[in-house]
Amino acid sequence: MSKRIFSLLILLMSLSLIGIIFVQAYYIKGSVKNEESRFTFKVKTVLANVSNQIQDDELATYFEKYQSLVSEKKEADSVSVSQLFIYQQNNNTKQALIYKSGVLEDNYKLSSSLFDIGLDSINIKNIFGSSKAEIYNNIEFSESDGNQAPILSIINSGSLNEAQKLNFEKNFKAISKRTPIHKRVSKEKIANLLSKKLKENDIDIDYEFAIYSNDLATKVQSDNFEYNKASMFSVPMFYDENNISTYKLLVNFPDDKKFILSSVIGMILLSVVFTSIIIIAYSSALFQLVKQRKISQIKTDFINNMTHEFKTPIATINLALDAIKNPKIIDDKERVLRYLNMIKDENKRMHAQVENVLRISKLEKNELNISKDRVKLHDLVLDAITHVELIVENRQGYIKTFLEADKSSILANETHFTNVIVNMLDNAIKYSPEAPEIEVSTENVGNNILLKIKDHGSGMSKAAAKRVFEKFYREHTGNIHNVKGHGLGLAYVKRIVEDHQGHVSVETEKDKGSTFTIKLPIIT
């Protein structure tokens, strides 16, 4: 897969994931807003119902008191408000129809105990109506004929309830607005009505309420009420005769946000869980894609490096074999032996590289049998130096030893740990452009021994130092193969050291060299 297509796929996948997250967030936000709107609507409906019921109950209570007082009062001043008189005569039947209808007003003077307004008495008007229809036979109506009995008489009389009630209501509102609010309604009644109505609307949370008059607090309020305009619900109450209200019933809900979220919390949690799963899955897939791409690139580099390293020994072997075939040389035993030794050395080099690959493979599969014995680390260091000292001398370099640790006994596999030190020394030689200058030192730190191998070569960048122990990793140098290797030596070192309960690290600076440190537990 080309880099361009790979980048395009990552971009499209990332945009899709971001789009899914934004859609989820938008949907959740919309759901929360809808719940807030529903909550607001329900609360306002409840407050309106409570306000109307309180006012209706007050009016009904006083109207009943008024009716009972009026029914007990026998004396009243009656006044005719309006009178309708209709006379109709039928000449064919010689019958006369007389219809009378009137609206009367009774005026009562009652005790002011009905209203607590500071007066001795109040005047109450009672409006009622009556109607009468009479039919007379074979007469011509005159004032003198009023004593003749009618052949049909229909009388209808009674109170004008609606008119009476409307008249009372208007006058009641005008009078009651002078009554203090705490005498008109109790906070217990408001609390009971609010609780009942809220539960009917599936709102079961704590609330606080108060009645304010012209934005000033009254005595009617719950114990923990706090005025907060931003989260307050209000509704007018106790309208006067001009349909104007100076009172407001205020209610706030301390836990309204939690209540609103509780209705959608299940959906939010599911959305968060599924979105998180998608993000984790996407991140894992992306990580694996990037990792596989890097591995592919590393393996490509590995194959290129291995090919390059095998080309030289193969070419040398071919040249040596061609030389041996030469009739002039085949009889020269000294030269034949020399070429045979060259073939053997190059074959050993290729074998060593193959062995490194096999070792790493076996280590990863835990198939490498590593038995450990008590050995002296100093002995292993000196043995490893003998493997590379000819190469160092050939390049006019040196290896200095500072084996200052008093205790150097460790539990280790002699063969593998010797290979570890050889690999580190070989690494120091390869990355020394000039004559190798290598220093090997040991010291005791607590119950551990530190082995340090320091060179004055090309060093590494900080990024390379973090990955230098990874399999197949080599610091990028383009197509230049001035340093032979395939990125397996230090990976092998790390695995063997860790198998010995040790730790390996590196300190390096570009163009100034590197210091590799192995920390191992000592045994007594």
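This text goes with the structure placed above it.
A. The overall build of the protein, seen in detail. Helices and strands together make up the secondary structure of the protein, namely 12 helices and 15 strands. A total of 524 residues make up the protein; the buried ones form 35% of that total. Sequence-distant contacts, at least 24 apart, represent 68% of the contacts inside the protein between residues at least 6 apart. Split by element, the accessible area of the protein, about 32600 Å² in all, is 53% carbon and sulfur.

B. Quick peek at the environment of Phe225. As for its placement among the helices and strands, Phe225 is situated in the loop between strand S6 (216-221) and strand S7 (232-237). According to the relative accessible area criterion, Phe225 is buried, its value standing at 10%. Phe225 sits 17 residues away from Glu208 along the chain, and the two C-alpha atoms are 5.1 Å apart. If sequence neighbours within four positions are ignored, Phe225 has contacts with Glu208, Phe209, Ala210, Tyr212, Met232, Leu250 and Asn252.

C. Representation of the side chain of Glu208 in the model. When you line up the elements, Glu208 lands in strand S5 (residues 208-213). One buried charged side chain, Glu208, makes no salt bridge at all; its nearest oppositely charged neighbour is Lys187, positioned 9.2 Å away. Among the polar contacts made by the side chain of Glu208, one reaches the main-chain amide nitrogen of Asn224 at a distance of 3.5 Å. Discounting residues that sit within four places of it in the chain, Glu208 has contacts with Ser222, Asp223, Asn224, Phe225, Leu250, Val251 and Asn252.

D. The arrangement of the nonpolar core in detail. Leu377, Phe417, Val420, Ile421, Leu425 and Ile518 are the most contacted members of the largest nonpolar core, which has 41 residues in total. Looking at this core, the element that brings in the most residues is helix H10 (residues 414-430), giving 8 residues. Discounting chain neighbours no more than four positions away, the residues touching Leu425 are Ala384, Ile385, Val388, Ile438, Val440 and Ile453. By size, the runner-up hydrophobic cluster in this structure holds 31 residues, among which are Ile190, Leu198, Val220 and Met237.

E. Representation of the side chain of Asn413. Within the secondary structure layout, Asn413 lies in the loop between strand S11 (409-412) and H10. Judged by its relative accessible area of 10%, Asn413 falls in the buried class. A distance of 3.2 Å separates a polar atom in the side chain of Asn413 from the backbone nitrogen of Thr415. Setting aside residues up to four positions removed in sequence, Asn413 forms contacts with Ile370, Ser371, Lys372 and His500.

F. Looking closely at the sheet that holds S6. Across the sheet, 4 strands lie side by side as S6-S5-S8-S7; this open sheet has antiparallel pairing. Of all strands in the sheet, those bounded by a partner on one side alone are S6 and S7. Strand-to-strand twist in this sheet, taken as the mean axis angle between neighbours without regard to direction, amounts to 30 degrees. Summarising the sheet, S5 and S6 pair through 3 bridges and their orientation is antiparallel.

G. Spatial organisation of the packing of aromatic side chains. Inspection of the entire model under this criterion finds 10 aromatic pairs. Taking 6.1 Å as the distance between ring centres and 90 degrees as the angle between the ring planes, the aromatic pair formed by Phe469 and Phe516 counts as edge-to-face. Note that Phe469 is positioned in the loop between helix H11 (462-467) and helix H12 (489-499) and Phe516 in strand S15 (residues 513-521), a separation of 47 residues in sequence. Overall, Phe469 belongs to the buried group, its relative accessible area being 13%. In this structure Phe516 comes out as buried when scored by relative accessible area, which is 3%. Members of the aromatic cluster, each reached through a chain of ring pairs, are Phe39, Tyr207, Phe209, Phe233, Phe253 and Phe259.

H. Geometry of unusual backbone geometry. Despite not being glycine, Gln396 shows a phi value in the positive range, around 60 degrees. The topology assignment puts Gln396 in the loop between helix H9 (377-394) and strand S10 (398-403). Overall, Gln396 belongs to the exposed group, its relative accessible area being 65%.

I. Examining the sheet that holds S10 more closely. Taking strand neighbours across the sheet as the criterion, the 5 strands line up as S10-S12-S13-S15-S14 in an open arrangement whose pairing is mixed. In this open sheet, the two strands that pair with only one neighbour each are S10 and strand S14 (503-509). The mean inter-strand angle of the sheet, taken between neighbouring strand axes irrespective of direction, is 15 degrees. Sheet analysis places S10 next to strand S12 (residues 437-445), joined by 6 bridges and oriented parallel. From the neighbouring strand, Tyr398 faces S12, where its bridge partner is Glu437. Each of S14 and S15 is contacted by H12, which is oriented at about 140 degrees to S14, the strand it contacts most.

J. Structural detail: the packing of H10 against H12. Between H10 and H12, whose axes approach to 9 Å, the crossing angle comes to 145 degrees. As H10 packs across H12, the resulting crossing turns out to be left-handed. Contacts between H10 and H12 involve His416, Phe417, Asn419, Val420, Asn423, Met424 and Asn427 from the first element and Gly489, Leu490, Tyr492, Val493, Ile496 and Val497 from the second. Residues belonging to the contact of H10 with H12 are distributed by class as follows: 8 nonpolar, 5 polar and no charged.

K. Structural view of a nonpolar patch on the surface. A contiguous nonpolar patch, built from Leu8, Leu11, Leu12, Leu15, Ile18 and Phe22 and spanning about 610 Å² of accessible area, is present on the exposed surface. Relative to the helices and strands, Leu12 resides in helix H1 (residues 3-72).

L. Structural detail: the packing of H9 against H10. Put simply, H9 and H10 touch, their axes get as near as 9 Å, and they point 40 degrees apart. The angle between H9 and H10 falls in the class oblique. Read as a crossing pair, H9 and H10 show a hand that is right-handed. Contact residues: Leu377, Leu380, Val381, Asp383, Ala384, Ile385, His387, Val388, Ile391 and Val392 in H9; Glu414, Phe417, Thr418, Ile421, Val422, Leu425 and Ile429 in H10. When its residues are assigned to classes, the contact of H9 with H10 shows 13 nonpolar, 2 polar and 2 charged.

M. Examining empty space enclosed by the protein more closely. All told, the structure shown has 1 cavity of 30 Å³ or more when counted by the stated rule. Its boundaries defined by the atoms lining it, the largest cavity holds a volume of some 50 Å³. Of the residues belonging to the lining of the largest cavity, the class tally is 4 nonpolar, 1 polar and 4 charged.

The rules behind each value
Residues numbered from 1 in each chain as written. Predicted model: local features only at pLDDT ≥ 70, side-chain atom pairs only at ≥ 80, totals over all residues. Heavy atoms only, no water. Helix = DSSP H or I, 4+ residues; strand = E, 2+ residues; numbered from the N terminus. Buried < 20%, exposed > 50% of the residue type's maximum accessible area, 1.4 Å probe, protein only. Contact = heavy atoms within 4.5 Å. Areas by Shrake-Rupley, 256 points an atom, 1.4 Å probe, with all protein chains shown as cover. Lys, Arg positive; Asp, Glu negative; His and termini not counted. Salt bridge = Lys/Arg side-chain N within 4 Å of Asp/Glu carboxyl O. Polar contact = N/O pair within 3.5 Å; in protein donor to acceptor, adjacent residues only side chain to side chain. Core = buried A, V, L, I, M, F, W, Y, C linked by side-chain atoms within 4.5 Å. Pairing = 2+ DSSP bridges. Axes fitted to C-alpha atoms, helices over the stretch in contact; angles between N-to-C directions. Phe/Tyr/Trp six-rings, centres within 6.5 Å; stacked < 30°, edge-to-face > 60°. Left-handed = near helix turned anticlockwise from the far one by under 90°. Nonpolar A, V, L, I, M, F, W, Y, C, P; charged D, E, K, R; others polar. Patch = residues over 30% accessible without salt bridge, like charges linked within 9 Å, V, L, I, M, F, W, Y side chains within 5 Å. Parallel < 35°, antiparallel > 145°, perpendicular 65-115°, else oblique. 1 Å grid on protein atoms, 1.4 Å probe; cavity = no way out; pocket = protein on both sides within 12 Å on 5 of 7 lines; lining within 4 Å. Points joined across faces, edges and corners; volume = space filled by probe spheres on them.

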